[in-house]
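# Chains, contacts and geometry: an overview
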Amino acid sequence: MKLIDKSKTKQFGVLLIIIGTFVPSILYPFTSLTHTAFLMEILFASRGVSSNTRLQDLEVVLVKGDSRLQGNQARENPYLKIRDDHCKSRFAIPYKYIVVFGILLAFIGIGIVAFYKNKRESD
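The paragraphs below set out a description of the structure included in this document. (Residues numbered from 1 in each chain as written. Predicted model: local features only at pLDDT ≥ 70, side-chain atom pairs only at ≥ 80, totals over all residues. Heavy atoms only, no water.)

### What to know about helix α4 (residues 95-114)
Helix length check: α4, at 20 residues, gives a terminal C-alpha distance of 29 Å against a target of 28 Å (1.5 Å per residue), a fit within 8%. The set of residues buried in α4 consists of Tyr 95, Ile 98, Val 99, Gly 102, Leu 105, Ala 106 and Gly 109. For α4, the arc enclosing every buried residue in end-on projection is 125°, short of the 170-degree limit, so these residues lie on one face. What points out from α4, more than 90 degrees from its buried face, is the exposed set Tyr 97, Val 100, Phe 107 and Ala 114. (Helix = DSSP H or I, 4+ residues; strand = E, 2+ residues; numbered from the N terminus. Expected span 1.5 Å × (residues − 1). Buried < 20%, exposed > 50% of the residue type's maximum accessible area, 1.4 Å probe, protein only. Arc of directions from axis to C-beta.)

### A few points about the pattern of salt bridges
Close approach of charged atoms allows side chains with opposite charge to pair. By the definition in use, this model includes 1 salt bridge. Here Arg 54 and Asp 57 are joined by a salt bridge, their closest N and O atoms 3.4 Å apart. Residue Asp 57 is classed as buried on the basis of its relative accessible area of 13%. (Salt bridge = Lys/Arg side-chain N within 4 Å of Asp/Glu carboxyl O.)

### Quick look at the pairing of strand β2 (residues 58-63)
Note that strand β1 (residues 31-33) and β2 share 3 bridges and pair antiparallel. Bridging from a neighbouring strand, Ser 32 pairs with Glu 59 of β2. Summarising the sheet, β2 and strand β5 (residues 91-94) pair through 4 bridges and their orientation is antiparallel. Within β5, the residue paired with Val 63 across the bridge is Phe 91. (Pairing = 2+ DSSP bridges.)

### A few points about the environment of Ala 37
Mapped onto the elements of the fold, Ala 37 is located in helix α2 (residues 35-46). With 17 residues separating them along the chain, Ala 37 and Arg 54 place their C-alpha atoms 9.1 Å apart.

### Re the nonpolar core
Looking at soluble globular proteins, one finds that nonpolar side chains tend to be buried together. Among the nonpolar cores identified, the biggest contains 5 residues, and these are Leu 58, Val 60, Tyr 95, Ile 98 and Val 99. Looking at this core, the elements with two or more residues in it are β2 and α4. With 3 residues, α4 is the largest single contributor of residues to this core. (Core = buried A, V, L, I, M, F, W, Y, C linked by side-chain atoms within 4.5 Å.)

Next up, the structure:
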C-alpha cells in the first residue's frame, strides 16, 4: 500500500507553494501595529518626525481583549489603556511568524517538486 500517490505528489507540492505565497499576502490587511510601535508613532508624530514600520512592528490580532483599568484610572491617562499588561484575554500573532510559516510552506513545496520523480524517468 502506497502512503502517497506518486501522481498527486507534484500537484501537492505546487499547492504548498501557492498556499505559502498567499498566506502572508492574504493576512497582511488584517495587521495592526504593536502597542510599543503605536506609542513610538505617537512620539515621533508629536515631534514632527516620520517613522518607518518594520516587520517586527506588525501583528495580527485575533482576540482584541478587554482593558483591566477601571473608571478614573482610564480617564487620567488614556495611553495606559493600550499597554500589554493592562489587557486581559488578548491574543495576537506577530506577523513575522506568519511570514516565516509561508516561507516554510513554499520551501517544502519546492522540495517536493524538486525531488519528485516522473514515472517515465524511473522506468
